[in-house]
Amino acid sequence: MKLTRGAAAEILWRSFFIQGAWNFKGMQNLGFTWSMLPGLKRIAGDGTGKSAGRYLRFFNTHPYMAPTIMGVLLNLEEQGDTGQADKLKQTLSSALAAIGDSFFWATLKPIAALLFLLAAMTGAVWAMALVLIAYNALHVWTMAWGFSRGYRSGPEGALAVGRALSVGRARKASFAIPLLAGMALACLSAWPGIGEGMPLAVGVFILSLAAHRFKLGVFRLFYGVFALTLIWTIIR
């Protein structure tokens, strides 16, 4: 039996709380299974308990990627391919966890945090709200789109999500981090005006590109510079 829009919406809503029952033994297993229950009830009917029992095993992935995996597994459940579902569950959870960590935790979150910091330094309250709205809109869209693609296309849907949020794209976007960090340094060194410190921001960005080119550990280097400058600004 196909999922209704109401069931799909309930699954997506529940997926926001996937870590609410996090535990050391199964990690996200309880939240993951609870999120899938509306779909399993429609597909498995009287066999819901048995189907749900298979998903109570260890499970851990990036929380924004979990709906994609749910969609894929429910697609396979509809086809009766439970063996493939069991095999793909751990494979997808590991692969999409790496992609989600790289794209969201290591790239978009630092960018959003620095934009928020710049907005706060310049007193632009509307910009602070815009940063929060934009980040959350993107991750909610990723969860909804990922579930839809996974449910409609099965494993191919998970591949589509992986391509859209690839490590390569995250690496390109990450070049904004040293630029924004340089702008934050400029704000700290020339408070409250941002214009006077723009040459410093450009310099930090250019040096970061050079450090990346020669594999000097750009992010450790410039996060260290940022921390030292912040400390110097405070004690000055």
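Structure's up top.
Fair warning: this is a prediction, and the values are worked out from it, not measured in the lab.

1. Let's talk about the overall build of the protein
Along the backbone of the protein there are 11 helices and zero strands. Considering only contacts in the protein between residues 6 or more positions apart, those separated by 24 or more positions represent 71%. Carbon and sulfur atoms form 68% of the exposed surface of the protein, whose accessible area is close to 12,300 Å².

2. Considering the pattern of salt bridges
The tally for this structure, following the rule as stated, stands at five salt bridges. One salt bridge in this structure joins Lys2 and Glu78, with 3.3 Å as the shortest N-O distance. On the criterion of sequence distance, the pair formed by Lys2 in the segment before α1 (5-15) and Glu78 in helix α4 (residues 66-79) is long-range, its members being 76 residues apart. The exposure class assigned to Glu78 is partly exposed, which follows from its relative accessible area of 25%. A salt bridge links Glu156 to Arg163; its shortest N-O distance comes to 3.1 Å. Beyond isolated ion pairs, a larger network of salt bridges with shared partners links Arg54, Glu77 and Asp86.

3. Describing the nonpolar core
Phe32, Met36, Met70, Leu74 and Phe104 are the most contacted members of the largest nonpolar core, which totals 39 residues. Secondary-structure elements contributing two or more residues to this core are α1, α2 (29-44), α4, α5 (82-121), α6 (125-153) and α7 (155-164). It is α5 that provides the largest number of residues to this core, a total of nine residues. Beyond its immediate chain neighbours, meaning those up to four positions away, Met36 contacts Tyr55, Met70, Leu73 and Leu74. Ile111, Met121, Leu180 and Met183 belong to the second-largest nonpolar core, a separate cluster that totals 10 residues.

4. Comments concerning the side chain of Asn75
Within the secondary structure, Asn75 sits in helix α4. In contact with Asn75, not counting residues within four places along its chain, are Gly150, Tyr151, Arg152, Ser153 and Gly154.

5. Some points on a nonpolar patch on the surface
There is a patch of nonpolar side chains on the surface, built from Trp13, Phe16, Phe17, Trp34 and Val140 and spanning about 510 Å² of accessible area. With respect to the helices and strands, Val140 occurs in helix α6.

What counts and how
- Residues numbered from 1 in each chain as written.
- Predicted model: local features only at pLDDT ≥ 70, side-chain atom pairs only at ≥ 80, totals over all residues.
- Heavy atoms only, no water.
- Helix = DSSP H or I, 4+ residues; strand = E, 2+ residues; numbered from the N terminus.
- Contact = heavy atoms within 4.5 Å.
- Areas by Shrake-Rupley, 256 points an atom, 1.4 Å probe, with all protein chains shown as cover.
- Salt bridge = Lys/Arg side-chain N within 4 Å of Asp/Glu carboxyl O.
- Buried < 20%, exposed > 50% of the residue type's maximum accessible area, 1.4 Å probe, protein only.
- Core = buried A, V, L, I, M, F, W, Y, C linked by side-chain atoms within 4.5 Å.
- Patch = residues over 30% accessible without salt bridge, like charges linked within 9 Å, V, L, I, M, F, W, Y side chains within 5 Å.

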